[in-house]
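# Working through the structure, step by step
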Amino acid sequence: MSRAIPLLEAIADVGADPVRGGYSRHGFDRVELELREWFTAEAETRGLDVHTDRNGNLWAWWGAPGPNAVVTGSHLDSVPGGGAFDGPLGVVSALAAVDVLRARGFRPARPLAVVVFAEEEGGRFGVPCLGSRLLTGTLDADHARALRDPDGVTLAEAMSTAGLDPAWVGRDDEALSRIGCFVELHVEQGRGLVDVDAPVGVADSVLAHGRWRLTFHGEGNHAGATPLTDRADPMLPAASVVLAARRIAGAVPEARATVGRVVPLPGGTNVIPSTVDLWLDARASDDGDTRAVVDEILAEAEETAKAEGCTVTVREESYGGTVTFDVGLRDELSGVLGGVPALPTGAGHDAGILAGRVPTAMLFVRNPTGISHAPAEHAEPEDCETGVVALARVLAHLTETPC
Ligand code: GLV
Ligand code: MN
Ligand code: MN
């Protein structure tokens, strides 16, 4: 049994989604606020001092806050219908690692903090790693405040409702300057560790990736009374983009392009939509390949929209180039853990954002299904415990050595 499991069990009912399966936990919604309260209580039970920074990230400090702190943590929000481990495993493992260290009578020589980043998945406001992007100044504060959720609620309004002042949102050099190094533990989101038969590994790199929102504008009309020749149906170019994404990314090694969300307006069975919103997620090994894939898909969107008498507008919602984690830190931590493997990932993380500012590393815990962002995501209790022990070892090591 892992020390992480009772903590995961304590939140097993929070945000369970009866329709999609799995969990729907989104930034600053009722469910995520409940998880924040739970985290705060757990951290305080361990004698950690909890505060919320200007961007809604939660920090639990062992010792006085920074500078040169060793920071670990992850996120508590999920994709719609996500698994139980993506995010929460990193948070509960951090708390459990603190338990391991405290039980040993360990006193960190440098400040140590557990962080919970806000809205990592972008499941509510569209931009992933919202809290870490704002903290590091890689997302404009005015732009962020105006982001809207599917119900039209702005981030500023959601933060106000959560008791936070959106006027303070933005790059936070004070919070950033406290971080000496950051280590995020995460469930693996592929089968890399299964393939090499290892319970734990360290991260090597993250694919370049971004999100684009395409809005196809057509003419809303009657599905029965409008001859096919008289239509400007925005669903047609949207459909062509779904197929183009697979075809175009399929021609580029390591590239992937996905359409996971299509919203026709008004959304009636017997109604030709007036608009269709489509979100494109595209990733590849480097900027050049990612941009080339996206440019080609967007060109096809323009062409097919025009052919149907429609137009398309495009908004880049987020973008991040390839991340190579600090090689020295990666190898050091792999060594501390007895030479665990290093592996790349196609998934984005707050650690990928932090890596642009501070020495950053990630630990991955084996996922036997290899599935993530879906209810089948899994990690065995023994592997979770190996992750907790590995994280505790890494934190002890880092607090005793400069990074
Ligand atoms: C986050 O998990 C992402 O890779 O989109
Ligand atoms: Mn995720
Ligand atoms: Mn995650």
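Here goes a summary of the coordinates provided. (Residues numbered from 1 in each chain as written. Chains lettered and ligands numbered in written order. Predicted model: local features only at pLDDT ≥ 70, side-chain atom pairs only at ≥ 80, totals over all residues. Heavy atoms only, no water.)

### Overview of the overall build of the protein chain
Convention followed: Only DSSP runs of H or I covering at least 4 residues are called helices, and only runs of E covering at least 2 are called strands; the numbering of each starts at the N terminus. Relative accessibility under 20% of the residue-type maximum defines a buried residue, over 50% an exposed one, and the middle range a partly exposed one, all with a 1.4 Å probe and only protein chains included. Only four residue types enter the charge count: Lys and Arg as positive, Asp and Glu as negative, with His and the chain ends excluded. To locate a charge, the coordinates of NZ of Lys, CZ of Arg, CG of Asp or CD of Glu are taken.
The helix and strand tally for the protein chain stands at 13 helices and 15 strands. Along the first, second and third principal axes, the C-alpha set of the protein chain runs to 75 × 45 × 40 Å. Out of the 403 residues in the protein chain, the part that is buried amounts to 56%. Charge centroids of the protein chain, computed over 33 positive and 58 negative side chains, lie 2 Å from each other.

### A closer look at the pattern of salt bridges
Test applied: Salt-bridge detection follows one rule: a side-chain nitrogen of Lys or Arg within 4 Å of a carboxyl oxygen of Asp or Glu.
Within the structure shown, the criterion is met by 20 salt bridges. Put simply, R46 and D99 hold a salt bridge, and the shortest N to O gap is 2.7 Å. Of the two residues, R46 sits in the loop between α2 (30–45) and β1 (49–52) while D99 sits in helix α3 (residues 88–103), which places them 53 residues apart along the sequence. With its nearest N and O atoms 2.7 Å apart, the salt bridge here joins E316 to R291. Of this pair, E316 sits in strand β12 (residues 311–320) while R291 sits in helix α10 (residues 287–307); the two residues are 25 residues apart in sequence, bridging distant segments of the chain. It is possible to trace a salt-bridge network through shared partners that takes in E42, R46 and D99.

### Some words on the coordination of the manganese ion (ligand 2)
Put simply, the rule reads: A 2.8 Å cut-off from the metal defines N, O and S donors, relaxed to 3.2 Å for Na, K and Ca; water is not in the atom list, so some sites may appear incomplete.
D86 (OD), E121 (OE), E121 (OE) and H373 (NE2) make up the full set of protein donors to the manganese ion (ligand 2), lying at 2.1 to 2.8 Å. For the manganese ion (ligand 2), the donor residues sit on a single chain with the sequence spacing D-x34-E-x251-H. Between the two metals, the manganese ion (ligand 2) and the manganese ion (ligand 3), the spacing is 3.7 Å, and D86 donates to both. Note that D86 is positioned in the loop between β3 (69–75) and α3 and H373 in the loop between β15 (360–365) and α13 (381–400), a separation of 287 residues in sequence. The class for D86 is buried, based on a relative accessible area of 5%.

### A short note on the nonpolar core
Condition: The nonpolar core is taken to be a set of buried Ala, Val, Leu, Ile, Met, Phe, Trp, Tyr and Cys residues, with the residues joined through side-chain atoms within 4.5 Å. Note on definitions: a residue-residue contact is assigned when non-hydrogen atoms from the two residues lie within 4.5 Å.
The biggest cluster of nonpolar side chains holds 55 residues, and the ones touching the most others in it are F39, L89, L101, L333, L363, L391 and L398. Setting aside residues up to four positions removed in sequence, L391 forms contacts with T72, S93, A94, A97, V183, L185 and L363. One finds A208, F216, A284 and A301 within the second-largest nonpolar core, a separate group that totals 27 residues.

### Focus: the layout of surface pockets
Inclusion rule: For each structure, a 1 Å grid was placed over the protein atoms alone; sets of points admitting a 1.4 Å probe that cannot get out are labelled cavities, open sets with protein on both sides within 12 Å along at least five of seven lines are labelled pockets, and lining residues have an atom within 4 Å of a point. Grid points are joined across faces, edges and corners, and a volume is the space filled by probe spheres set on the points. Note that Gly is not counted as nonpolar here; it falls among the polar residues with everything else outside the nonpolar set of Ala, Val, Leu, Ile, Met, Phe, Trp, Tyr, Cys and Pro and the charged set of Asp, Glu, Lys and Arg.
Empty space within the largest pocket amounts to approximately 1,300 Å³. Lining the largest pocket we find 43 residues, and of these V79, R211, D281, R283 and H373 sit closest to its centre. At the level of elements, β7 (208–217), β9 (256–265), β11 (275–284) and β14 (342–345) are the ones that each hand at least two residues to the lining of the largest pocket. Per element, the largest residue contribution to the lining of the largest pocket is five residues, and it comes from β9. Of the residues that constitute the lining of the largest pocket, the class distribution is twelve nonpolar, 17 polar and 14 charged. Of the volumes computed, that of the second largest pocket is approximately 360 Å³.

### Thoughts on the packing of aromatic side chains
Basically, it comes down to this: Each Phe, Tyr or Trp ring (for Trp, its six-membered ring) is paired with any other whose centre lies within 6.5 Å, and the angle between the two planes then decides the class: stacked below 30 degrees, edge-to-face above 60, tilted in between. Ring-over charges, as used throughout, are those where CZ of Arg or NZ of Lys falls within 6 Å of the ring centre and within 35 degrees of the ring normal.
According to the stated counting rule, one finds five aromatic pairs in the structure shown. Taking the centre distance of 5.7 Å and the plane angle of 85 degrees together, the rings of F117 and F182 count as edge-to-face. Of the two residues, F117 sits in strand β4 (residues 112–117) while F182 sits in strand β5 (residues 179–187), which places them 65 residues apart along the sequence. Ring pairs connect the aromatic residues W59, W61, F117 and F182, which therefore count as one cluster. The ring of Y23 carries R25 above its face, with NZ or CZ at 4.0 Å from the centroid. R261 extends its terminal NZ or CZ atom over the ring of W279, reaching a point 3.7 Å from the ring centre.

### Side note on the coordination of the manganese ion (ligand 3)
Protein coordination at the manganese ion (ligand 3): the donors are H75 (NE2), D86 (OD) and H186 (NE2), at 2.1 to 2.2 Å from the metal. Sequence positions of the donors to the manganese ion (ligand 3) reduce to the motif H-x10-D-x99-H. With relative accessibility at 0%, the residue H75 sits in the buried group.

### Here's the deal with α2
Formally: Here the expected length of a helix is defined as 1.5 Å per residue gap, with one fewer gap than residues.
Its 16 residues place the ends of α2 23 Å apart at the C-alpha level, agreeing with the 22 Å of an ideal helix rising 1.5 Å per residue. Taken together, the buried positions of α2 are V31, E32, L35, R36, W38, F39, T40 and A43. Looking at the packing, one finds that the buried side of α2 touches α1 (4–10), β1, β2 (58–62), α3 and β4. Following α2 by one or two positions, G47 adopts a phi angle in the positive range, close to 80 degrees.

### Overview of the sheet that holds β9
Keep this limit in mind: Being paired, for any two strands, means DSSP has found at least two bridges between them. As a rule, the C-alpha atoms of each element are fitted with a line to give its axis, helices using only the stretch in contact, and angles between N-to-C directions run from 0 to 180 degrees.
One open sheet holds the four strands; their spatial order is β9-β11-β7-β12, and the pairing between them is antiparallel. Edge positions in the open sheet fall to β9 and β12, since each of these has one partner strand only. Strand after strand, the sheet turns through a mean of 15 degrees between neighbouring axes, direction not considered. Bridge count for β7 against β11 is ten bridges, and the pairing is antiparallel. Bridging from a neighbouring strand, H209 pairs with R283 of β11.

Limitation: the analysis is restricted to geometry and does not speak to function.
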